2 protein chains.
Amino acid sequence: MDLRVALQNKVNLIDAALDKYLPSEKSAQNIIFDAMRYSVFAGGKRLRPILMLAASEFIGGNAKDVLPFACAVEMIHTYSLIHDDLPAMDNDDYRRGKLTNHKIYGEGMGILAGDGLLNYAFELMLKATLEKNENLQKKVLAMHEIAKASGVRGMIGGQVVDLMSENKQIDEETLDFIHNNKTAALIIAPIRVGAILAEANEEELIALTEFAKNIGLSFQIMDDILDIIGDEKKLGKKVGSDIENQKSTYPSIHGLDASIKKVNELFDKSVQALAPFGEKSTFFIQLSDYLVKREY
Amino acid sequence: MDLRVALQNKVNLIDAALDKYLPSEKSAQNIIFDAMRYSVFAGGKRLRPILMLAASEFIGGNAKDVLPFACAVEMIHTYSLIHDDLPAMDNDDYRRGKLTNHKIYGEGMGILAGDGLLNYAFELMLKATLEKNENLQKKVLAMHEIAKASGVRGMIGGQVVDLMSENKQIDEETLDFIHNNKTAALIIAPIRVGAILAEANEEELIALTEFAKNIGLSFQIMDDILDIIGDEKKLGKKVGSDIENQKSTYPSIHGLDASIKKVNELFDKSVQALAPFGEKSTFFIQLSDYLVKREY
């Protein structure tokens with residue numbers, strides 16, 4: 001199947017599930033439901049839930065069992081963007097060409113909408129686990145992987161170091177810490193969780209984790225490259241903001257050429273990790289290639 | 001046993017567990033560990049974890065099995081206070097006589113420390129569930145009760161309506177919604193969770209839930225009463241802030257006398273709910289009495 005068709009099929013599945021899961025009932029607090037939906041449906045690529053569905057398929061699992069977990073990861077990713085955009089953090093007015101959450105709903109509601117999405121992510125996974133009372137241990141393990149990856153020793157930890165590094169020259173080690181935690185952790189976790197829920201064996205889990213690490217890092221470096229050479233229209237945001245904010249990035253430390261080379265190296269490694277699995281790897285390898293060549 | 005001794009014993013147990021569970025390792029992001037600990041150890045009464053331990057004891061459960069869940073609820077309560085104190089929300093500089101989190105660590109870190117505690121609460125419960133692989137279904141049910149109570153249809157929902165009601169006259173129904181969700185939900189849930197984890201039967205769970213609803217509401221009304229007639233030194237915060245901010249409260253809608261009468265009625269109901277259980281109820285009834293008579 002054409003990659004774009006395969007991606008769109010997964011996006012449709014994920015969007016329908018997000019719409020079904022997110023609260024919408026008429027109630028005293030429904031302004032927060034609107035605020036949560038606004039950011040969840042503000043044009044995200046759905047990369048993380050796509051990766052989880054793909055990992056489950058790779059092992060032979062059932063998409064239906066994975067969807068609550070996949071949507072939960074997208075909710076966590078979305079909350080992190082809402083909080084990241086707040087005036088006390090990156091102070092961004094636009095994201096993907098649309099006004100940021102707090103610009104529409106106000107700062108207080110932006111904070112609560114973020115809190116709401118983070119909390120709801122766990123509520124959703126736990127509810128799904130209760131409703132289909134089988135394979136409990138794998139599901140608890142899956143939720144724990146997500147919690148670790150999004151937590152203070154994962155994504156939030158990366159944001160902390162990123163926040164402390166503002167307007168400062170940072171060294172390579174610090175930049176690696178930020179990349180590994182702020183971005184890669186929540187790209188690796190959905191792949192592992194998809195595999196765990198589909199009952200992957202040890203060999204499969206190791207290979208998928210290796211694949212995930214390489215595309216997680218390449219994804220972040222590509223983001224930094226696109227902030228230099230990207231097309232504002234396609235990106236839906238201003239380029240050059242990292243340079244303007246004197247932000248240390250992979251290209252600012254290693255140079256643009258070395259960064260492009262690194263992305264290609266990481267792509268090769270991601271392909272190698274899945275080589276032993278033959279045709280089953282097609283989707284992942286095409287996706288990896290697509291991410292390396294993406295323009296937004 | 002004297003109530004104060006019994007309470008102190010539980011507080012000691014909870015504080016030691018919080019200290020053990022909260023991250024402290026030397027690392028690039030350890031400023032957030034400090035920020036999380038600062039607010040967790042800023043003098044909270046530990047009411048919610050105490051209630052969970054007491055409910056578990058009431059049924060005959062083991063404190064050790066309950067502690068990760070009890071500490072998680074305290075972390076969730078603490079994160080909600082950190083975010084509530086932010087300039088975009090209540091804009092408070094002091095809580096319990098100490099500077100609020102963002103006054104010490106800055107607004108960005110205050111947001112992240114709150115996010116970190118909320119995420120870590122689930123991480124901790126899931127880890128404990130993985131480590132002691134038994135009774136999984138009850139534990140998933142317990143985590144789901146907590147997630148619901150702290151989420152957009154619970155505590156966060158209450159905060160949303162509270163935020164929207166600022167500087168506005170609100171009606172009784174709206175005030176009840178705020179009380180039931182912002183405060184009572186996360187008082188009822190720990191009692192139910194303590195009971196569920198200790199494998200309460202249906203009759204016990206219904207009685208404890210009824211007890212919890214009554215003390216949950218009386219606790220909030222007492223808070224509002226103390227903001228009028230309380231002693232600033234004992235409370236560790238300014239009184240009169242609700243009147244100053246033209247905040248609708250139980251006393252502002254129903255009057256002070258009716259509020260005191262209501263608290264006493266709720267106390268009587270809480271006692272009645274546990275009457276069938278005789279001596280086993282002693283701690284809960286003493287605690288309920290103490291909460292009604294508290295000065296801070």
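Our subject is the structure listed above.
Residues numbered from 1 in each chain as written. Chains lettered and ligands numbered in written order. Predicted model: local features only at pLDDT ≥ 70, side-chain atom pairs only at ≥ 80, totals over all residues. Heavy atoms only, no water.

A. Highlighting the overall build of chain A. A count of helical and extended segments in chain A gives 15 helices and 2 strands. A principal-axis box enclosing the C-alpha atoms of chain A has dimensions of 55 × 50 × 35 Å. Split into buried and exposed, the 296 residues of chain A put 58% on the buried side. Restricting to contacts in chain A with at least 6 residues of sequence separation, those with at least 24 account for 72%. (Helix = DSSP H or I, 4+ residues; strand = E, 2+ residues; numbered from the N terminus. Buried < 20%, exposed > 50% of the residue type's maximum accessible area, 1.4 Å probe, protein only. Contact = heavy atoms within 4.5 Å.)

B. Quick look at the relation of the copies chain B and chain A. Note on the identical chains: chain B maps onto chain A by a rotation of 180° and an axial translation of 0.0 Å, with an RMSD of 0.0 Å. Taken together, the rotation and translation describe the operation of a two-fold axis. (Least-squares fit on C-alpha atoms with pLDDT ≥ 70 in both.)

C. Fine view of the packing of helix α3 (residues 47-59) of chain A against helix α9 (residues 172-197) of chain A. Residue and element names in this part refer to chain A. Taken N-terminus to C-terminus, the directions of α3 and α9 make an angle of 30°; their axes are 7 Å apart at the nearest point. As the angle between them shows, α3 and α9 are arranged roughly parallel. Relative to α9, α3 is oriented so that their crossing is right-handed. Taken together, the residues of α9 that come into contact with α3 (itself represented by L47, R48, L51, M52, A55, S56 and I59) are L186, I187, P190, I191, V193, G194 and A195. In terms of residue class, the contact of α3 with α9 is built from 11 nonpolar, 2 polar and 1 charged. (Axes fitted to C-alpha atoms, helices over the stretch in contact; angles between N-to-C directions. Parallel < 35°, antiparallel > 145°, perpendicular 65-115°, else oblique. Left-handed = near helix turned anticlockwise from the far one by under 90°. Nonpolar A, V, L, I, M, F, W, Y, C, P; charged D, E, K, R; others polar.)

D. View of the interface of chain B and chain A. Across the boundary between the two partners, chain B contributes 50 residues, which contact 50 residues of chain A. For the pair chain B and chain A, the two sides together bury roughly 4600 Å², of which 74% comes from carbon and sulfur. Looking only at chain B, the three residues that lose the most surface to chain A are L130, V152 and R153 of chain B, adding up to 14% of its buried area. There are 2 salt bridges connecting chain B and chain A. Where chain B packs against chain A, one counts 10 residue pairs in polar contact (both at pLDDT 80 or more). Among the elements of the structure, α2 (30-40), α4 (63-84), α6 (107-131), α7 (136-150) and α8 (155-164) of chain B are those that each provide at least two residues to the side of chain B that touches chain A. Counting residues per element, the side of chain B that touches chain A draws most heavily on α6 of chain B, at 16 residues. By residue class, the composition of the side of chain B that touches chain A is 30 nonpolar, 13 polar and 7 charged. (Buried area = accessible area lost by both parts, 1.4 Å probe. Salt bridge = Lys/Arg side-chain N within 4 Å of Asp/Glu carboxyl O. Polar contact = N/O pair within 3.5 Å; in protein donor to acceptor, adjacent residues only side chain to side chain.)

E. A look at the packing of aromatic side chains. Residue and element names in this part refer to chain A. By the definition in use, this model includes 11 aromatic pairs over all chains. Geometrically, the ring pair formed by Y38 and Y105 is edge-to-face, given 5.9 Å between the ring centres and 70° between the ring planes. Placement of Y38 in helix α2 (residues 30-40) and of Y105 in helix α5 (residues 101-105) is noted, with a sequence separation of 67 residues between them. With a relative accessible area of 24%, Y105 lands in the partly exposed category. (Phe/Tyr/Trp six-rings, centres within 6.5 Å; stacked < 30°, edge-to-face > 60°.)

F. Region of the structure containing the pattern of salt bridges. Residue and element names in this part refer to chain A. Applying the stated criterion to the full structure yields 35 salt bridges over all chains. Between E134 and K132 there is a salt bridge, and its shortest N-O distance comes to 3.8 Å. With relative accessibility at 43%, the residue E134 sits in the partly exposed group. Measuring nitrogen to oxygen at the nearest pair gives 2.7 Å for the salt bridge that ties K182 to D162. Placement of K182 in helix α9 and of D162 in helix α8 (residues 155-164) is noted, with a sequence separation of 20 residues between them. With respect to class, K182 is no different from D162; both count as buried.

G. Representation of the nonpolar core in the model. Residues I32, M75 and F284 of chain A together with I32, M75 and F284 of chain B are the most contacted members of the largest nonpolar core, which totals 173 residues. Per element, the largest residue contribution to this core is 13 residues, and it comes from helix α6 (residues 107-131) of chain A. The contact partners of F284 of chain B, leaving out residues within four places of it in the chain, are L51, A54, A55, F58, L208, F211 and L274 of chain B. Among the nonpolar cores identified, the runner-up in size contains 17 residues, and L175, I178, L235 and V292 of chain B belong to it. (Core = buried A, V, L, I, M, F, W, Y, C linked by side-chain atoms within 4.5 Å.)

H. Geometry of α3 of chain A. Residues and elements named next belong to chain A. The end-to-end C-alpha separation of α3 is 19 Å, in line with the 18 Å expected for 13 residues at 1.5 Å each. Burial runs high along α3: 12 of the 13 residues are buried. Those residues of α3 not exposed but buried are L47, R48, P49, I50, L51, M52, L53, A54, A55, S56, F58 and I59. Count one or two residues on from α3 and you reach G60, which has phi positive near 100°. (Expected span 1.5 Å × (residues − 1).)

I. Geometry of a nonpolar patch on the surface. Residue and element names in this part refer to chain A. Nonpolar side chains collect at one region of the surface, where I228, I229, I243 and I260 lie side by side and expose about 360 Å² of accessible area between them. With respect to the element layout, I228 can be found in helix α10 (residues 202-229). Taking the relative accessible area as the measure of exposure, I228 reaches 35% and is therefore partly exposed. (Patch = residues over 30% accessible without salt bridge, like charges linked within 9 Å, V, L, I, M, F, W, Y side chains within 5 Å. Areas by Shrake-Rupley, 256 points an atom, 1.4 Å probe, with all protein chains shown as cover.)

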